[in-house]
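As a plain string of letters, each chain reads:
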Amino acid sequence: MKSLVPRALALTIASLFIAAPAVQAASAPRVDKPWLSQADAEARSARVSNVTYTLAFRLTGEESFSGSTTMQFDLKDASEPLTIDLNKAELGEVTANGKAVKPAYNQTFLTIAAEDLKQGRNQIVINYTRKHSTNGEGLHRMVDPVDKRVYTYSHFEPAAAQQMFPSFDQPDLKATYQLNVTVPADWTVVSTTRESSVKDVEGGKLWTFPVSKKLSTYNFSMHAGPYKVWEDKSAKYPMRLFARQSVAAQVEPEEWFTFTKQGLAWFDDYFGIPYQYEKYDQLLVPDFLYGAMENAGAVTFAEHGFLHKDKMNTAQRHSLASVIMHEMAHQWFGDLVTMKWWNGLWLNESFASFMGTLATAEATEFKNAWQYFYTQGKTAAYVLDQQVVTHPIEVPVPTTANAFDNIDAITYSKGASTLKQLRHLLGEEVFRKGVHNYLVKYSWQNAKLDDFIGSLGEAAGRDLGQWTQDWLYQPGVNTIAADFSCKGGKVSSFRLKQTAGAQYPVLREQRVQLGLFSDAGKELKLERKLAVTYKGASTEVPELKGAACPALVYPNYEDWGFVKAGLDKRSFATARSSVSKVTDPMLRTMLWQSMWDSVRDGQLPLNEFLQTALNNLPAEQDYALLGSVLDKTGAGLSTLEKMAPDAAYSRRTNDAFEKMAWELSQSDKGDQNYKRRWLNSYIGHAMSKPDLDRLAAILDGKQELKGVTLSQDLRWTMLQALSLRNYAGIDARIAAEQERDKSDSGQSAALEATVLRPDAKVKAERLAQIHDLQTKLPFSRVRTMMENIYPMAQSRLNEQTAAERLKQLPALDKAAGPVYMRAYATSMLPMTCTPENVARLKAAADEYKDLAAGTRRGLLIAHQEDARCVAIRKAMTVPLK
């Protein structure tokens, strides 16, 4: 899957994570709450086994659907009641072992009385109706605004299968599923298996599916609607791709099938276990909450991430390939072998992130996949691991409500990075052998972290207990730096120094590469690279004694380790003056990141970083790196505007970037990919009247773009830039463009453009819609408003409602669900880069101790990041007046 228990705020708290006792099986009745606790889950799985589901659904396209679920299972004892999860349904007839019963039902779970159960094999039949979901969970329903066709799809992670059918909705009660679905005649039904028959029946067609293999509830799925279908049988396993009819023209099926075919062959070979689900279906679905989901044999992808109204550029194609590989890795690690409880979700996602990147690098054209991983994931993990809300990779998850509390950059990217460096530490083939043995031993079962680490340790012939404690149960990121001396142009001494923050002073073992470079005039030349395993505060590197004194040392060359690379004074000076002379794109990427880290840490003034970018970016020809640095400069310019929108320096610097970006987007340098990247940067910086007039002229057909297609997506991007600056006539322009593009994505883009307008009345209207928890709008639209109502350029408008939003936070947190609050706490907390707002956020954090873990996490991050913004402003060496 592709965006909180209380955080460890001191090492003493972190140590509690290490020593946390095993959860005891519950003996008390299950708490009447809309979540399942680990204790109750363990108590249920201790009694229940050998589960099978026979599922029957009738879907009409209307707002509600009906279902009948037959559950069979073995029961160890019948001395106590048994709960079955089912969310907000209207119950019909319920039978237990052939007898009609009336179970207690609290809209979260049914309780089957002990007298209606028996030791041994039981059968429960539950008939019910339920409304479709509109928030992306359960069985989601969407009406296409273009042609009014209805589409449904399921999404169950972490515990939303109960929003579609009665179940034991926990990962360690794996089951088989036999599915029967009646749908309108023009619909297609997709599930983990391929249908065995499709028959005409009254009201449509009956789709029947054979019994599936054993799966956790969250890995089963069902999707139905009049989807467009593409099929490819050229690979070992048949492949299909599905999308809504109205967006079919935006799909490039040959790209999907190429990457999928490459991945299936690579994973079959790497794991040494063939793909288990016989066919490989992929569906593009609307209103999706995440990037994609690894449903066994029927993977879902968010339309908003993978549909484009122009031919995909290189970055978009890489994103598609990498997400396909990520979800494919889950088919083995996650679906075939599944975590026992949600504390294992990090390993599930970390492993898929690591293996997906490795597969992308080795099986596809994107040999620079690790460079993308570094810029798009790992650097975010470094940031989060230095925030007050950092947490160990492995943390307790007391209930299903907490399952996604820690699903973040630490879960995905730090976890993946630890696996990457463990592979270097153990050796590639040893790591591969350990993974293979683990998958073989635990196929169709549930496993825990100790099972995985034990398989790797056994393959390596070493105890990984200390490594596990240091890396997985302790938060924080360390820094390594080269400490060397030279005499007569030669290295006289060389050691690696490892430091840790005072809050988490854990020094770790890790294997990295050192890169030593000389200044050869036109380039920085790699003179030596050396693999070193370091641990403790200081590690001597005697092999480098006598080497030529380097102009630059990079202590994590080729990015083996998860560690901040501290540059010694000489290396930092070389990096700033000569970054464009580094020929290795990955190292160039990491040097830029080191400079950006220095800005965030208050060591390098933002204005000096932006000047370095102005001096060096015109020569940058690496596409991935260019995107990474343009993102950083964009963030820097937005921060400037948030700090001091009217300052002469802010305007002057933005104008310089506008000019550079426009000229390079229209120059003869680079291909269309390169030009599009510069053009998007230009649009993002457009602020002056001449530049906004230019965008309007392009949209009106009065000025042509050179070397770039003016796609519908690009038109919306330009309109949103105009709306951000309240360009004259923007309302009419948005309305006209919405008439031109009546697609679902067009409606979303129009909403974004409207919400961006710097108009207090517009903001008030949209804020009321966001706060209306009874709205009929799909949550995807509410989330679009949250993400765009207060952009960084509009800190003054943000300030107008900031105090009131903070005041309402506790009540909203109690009333809204976790899906809503995850988005709200990320986008809607005020961050205006002023000492007054920092103090206000601190006061709220001190007062609101009882917020849900995820909401409190968002509040603490907002406070820390706004304080960082104030510190960055203080470090500036130019006036901001």
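Residues numbered from 1 in each chain as written. Predicted model: local features only at pLDDT ≥ 70, side-chain atom pairs only at ≥ 80, totals over all residues. Heavy atoms only, no water.

**A closer look at the overall build of the protein**
The secondary structure content of the protein amounts to 27 helices and 29 strands. For a compact globule of 881 residues, the expected C-alpha radius of gyration is about 29 Å, and the protein comes in at 28 Å, within 12% of that figure. Across its three principal axes, the protein shows a C-alpha extent of roughly 90 × 70 × 60 Å. Buried positions account for 62% of the 881 residues belonging to the protein. As presented, the protein carries roughly 33200 Å² of accessible surface, and 51% of it is formed by carbon and sulfur atoms. On the protein, the mean spot of the 103 positive side-chain charges and the mean spot of the 100 negative ones are 3 Å from each other. (Helix = DSSP H or I, 4+ residues; strand = E, 2+ residues; numbered from the N terminus. Rg over C-alpha atoms; globule rule 2.2 N^0.38 Å. Buried < 20%, exposed > 50% of the residue type's maximum accessible area, 1.4 Å probe, protein only. Areas by Shrake-Rupley, 256 points an atom, 1.4 Å probe, with all protein chains shown as cover. Lys, Arg positive; Asp, Glu negative; His and termini not counted. Charge placed at Lys NZ, Arg CZ, Asp CG, Glu CD.)

**A word on the environment of Pro398**
You can see Pro398 is positioned in the loop between helix 7 (369-384) and helix 8 (409-426). In this structure Pro398 comes out as partly exposed when scored by relative accessible area, which is 39%.

**So, the state of the cysteines**
Under the criterion given, the structure shown has 2 disulfides. The disulfide bridge from Cys486 ends at Cys549, spanning 2.0 Å between sulfur atoms. Taking the sign of the torsion about the S-S bond as the criterion, the disulfide between Cys486 and Cys549, at about 85°, is right-handed. Linking Cys486 in strand 23 (residues 479-487) with Cys549 in the loop between strand 27 (538-540) and strand 28 (552-554), this pair joins segments that are 63 residues apart in sequence. Two residues, Cys833 and Cys869, share a disulfide whose sulfurs are 2.1 Å apart. Measuring handedness by torsion sign, the sulfur bridge of Cys833 and Cys869 sits at about -95° and is left-handed. You can see Cys833 sitting in the loop between helix 25 (818-827) and helix 26 (835-847) and its partner Cys869 sitting in helix 27 (residues 853-875), a full 36 residues away along the chain. Comparing Cys833 with Cys869 shows no difference in burial state: the two are buried. (Disulfide = S-S within 2.5 Å.)

**Description of the sheet that holds strand 20 (residues 298-302)**
What the 5 strands build is an open sheet, ordered 16-17-18-20-19; its pairing is mixed. Two strands close off the open sheet at either side, each with one partner strand: strand 16 (228-232) and strand 19 (292-293). Sheet analysis places strand 17 (residues 239-243) next to strand 18 (residues 280-285), joined by 4 bridges and oriented parallel. Across the sheet, residue Met239 finds its bridge partner in strand 18, namely Tyr280. In the packing of helix 3 (residues 253-271) onto the sheet, contacts are made with strand 16, strand 17, strand 18 and strand 20, and the angle to strand 17 comes to roughly 140°. With respect to the sheet, helix 5 (residues 314-332) is in contact with strand 18, strand 19 and strand 20, its orientation differing from that of strand 18 by roughly 130°. (Pairing = 2+ DSSP bridges. Contact = heavy atoms within 4.5 Å. Axes fitted to C-alpha atoms, helices over the stretch in contact; angles between N-to-C directions.)

**Quick word on helix 18 (residues 689-699)**
Those residues of helix 18 that fall on the buried side of the exposure criterion are Asp691, Leu692, Leu695, Ala696, Ala697, Ile698 and Leu699. At its buried positions, helix 18 is contacted by helix 16 (648-665), helix 17 (672-685), helix 19 (712-724) and helix 20 (730-740). Gly701 lies just past helix 18 and shows a positive phi near 75°.

**Thoughts on unusual backbone geometry**
Look at the link from Glu157 to Pro158: it is a cis peptide, with omega at 5°. By the secondary structure assignment, Pro158 is in the loop between strand 10 (150-155) and strand 11 (175-183). The phi torsion at Glu278 lies on the positive side, around 70°, for a residue other than glycine. Examined against the element boundaries, Glu278 turns out to sit in the loop between helix 3 and strand 18. On the basis of relative accessibility, which here comes to 58%, the residue Glu278 falls in the exposed class. One non-glycine residue with positive phi stands out, namely Glu558, at about 65°. The topology assignment puts Glu558 in the loop between strand 28 and strand 29 (564-566).

**Considerations on the packing of helix 21 (residues 744-756) against helix 22 (residues 760-771)**
Close contact between helix 21 and helix 22 brings their axes to 8 Å; oriented N to C, the two are set at 125°. Comparing the axis directions of helix 21 and helix 22 gives the class oblique. On helix 22, the residues that touch Leu751, Thr754, Val755 and Leu756 of helix 21 are Val762, Lys763 and Arg766. Of the residues that constitute the contact of helix 21 with helix 22, the class distribution is 4 nonpolar, 1 polar and 2 charged. (Parallel < 35°, antiparallel > 145°, perpendicular 65-115°, else oblique. Nonpolar A, V, L, I, M, F, W, Y, C, P; charged D, E, K, R; others polar.)

**Description of the sheet that holds strand 14 (residues 204-209)**
Judged by pairing direction, the sheet is mixed, and its 8 strands sit side by side in the order 5-4-8-2-1-11-14-13 without closing on themselves. Looking along the sheet, the strands with just one partner apiece sit at the ends: strand 5 (99-101) and strand 13 (197-201). Each strand axis lies, on average, 20° off the axis of its neighbour in the sheet, ignoring direction. The sheet contact formed by strand 4 (residues 90-96) and strand 8 (residues 120-131) spans 5 bridges and is antiparallel. Its bridge partner being in strand 8, Leu91 is matched across the sheet by Tyr128. Sheet contacts for helix 2 (residues 38-47): strand 1 (48-58) and strand 2 (64-75); angle to strand 1, the most-contacted strand, approximately 100°.

**Section: the nonpolar core**
Ranked by size, the top nonpolar core spans 252 residues in total, and within it Phe57 and Phe165 carry the most contacts. No other element matches the 11 residues that helix 6 (residues 345-363) contributes to this core. In terms of nonpolar packing, the next biggest core, distinct from the first, is built from 17 residues, Ile480, Phe484, Phe494 and Val541 among them. (Core = buried A, V, L, I, M, F, W, Y, C linked by side-chain atoms within 4.5 Å.)

**Details of the pattern of salt bridges**
The full count for this structure, using the stated rule, is 52 salt bridges. As a salt-bridge pair, Asp74 and Arg121 come within 3.2 Å of each other at their nearest N and O atoms. Separated by 47 residues along the polypeptide, Asp74 in strand 2 and Arg121 in strand 8 bring together distant segments of the chain. Overall, the relative accessible area of 22% leaves Asp74 in the partly exposed class. Given a relative accessible area of 32%, Arg121 falls into the partly exposed group. In this structure, a network of salt bridges that share partners links the residues Asp144, Arg244, Glu303, Asp744 and Arg781. (Salt bridge = Lys/Arg side-chain N within 4 Å of Asp/Glu carboxyl O.)

**Section: the packing of aromatic side chains**
Each aromatic ring pair is described using two quantities: the centre-to-centre distance and the angle formed by the ring planes. Applying the stated criterion across every chain, the model contains 46 aromatic pairs. For the ring pair Phe165 and Phe220, a centre distance of 6.1 Å and an interplane angle of 85° mean the geometry is edge-to-face. Placement of the pair is Phe165 in the loop between strand 10 and strand 11 and Phe220 in the loop between strand 14 and strand 15 (222-225), with a sequence separation of 55 residues. Residue Phe165 shares its accessibility class with Phe220, and that shared class is buried. On the basis of an interplanar angle of 10° and a centroid distance of 5.6 Å, the ring pair of Phe484 and Phe494 is categorised as stacked. Taken as a pair, Phe484 in strand 23 and Phe494 in strand 24 (residues 490-499) lie far apart in primary sequence, 10 residues in all. (Phe/Tyr/Trp six-rings, centres within 6.5 Å; stacked < 30°, edge-to-face > 60°.)

**Observations concerning the pairing of strand 14**
Relative to strand 14, strand 11 is paired through 5 bridges, and the arrangement is antiparallel. From the neighbouring strand, Asn180 faces strand 14, where its bridge partner is Thr208. The sheet contact formed by strand 13 and strand 14 spans 5 bridges and is antiparallel. By the bridge assignment for strand 14, Val198 is matched with Trp207. Two successive antiparallel strands, strand 13 and strand 14, enclose a turn made up of 2 residues, where Gly203 displays a positive phi of approximately 90°.

**Some remarks on the side chain of Thr70**
With respect to the element layout, Thr70 can be found in strand 2. Given a relative accessible area of 18%, Thr70 falls into the buried group. Not counting residues up to four positions away in its chain, the partners in contact with Thr70 are Thr52, Tyr53, Thr54, Gln123, Ile124 and Val125.

**A closer look at the environment of Val299**
With respect to the helices, strands and loops of the structure, Val299 is situated in strand 20. C-alpha separation for the pair Val299 and Gln331, spaced 32 residues apart in sequence, amounts to 9.4 Å. In contact with Val299, not counting residues within four places along its chain, are Tyr280, Asp281, Gln282, Leu283, Met293, Glu294, Glu327 and Gln331.

**Re the packing of helix 18 against helix 19**
Two elements in contact, helix 18 and helix 19, have axes separated by 10 Å at closest approach and are oriented at 145°. When you trace helix 18 past helix 19, the crossing you get is left-handed. Contacts between helix 18 and helix 19 involve Leu692, Leu695, Ala696, Ile698 and Leu699 on the former and, on the latter, Arg715, Met718, Leu719, Ala721 and Leu722. Classifying every residue of the contact of helix 18 with helix 19 gives 9 nonpolar, no polar and 1 charged. (Left-handed = near helix turned anticlockwise from the far one by under 90°.)

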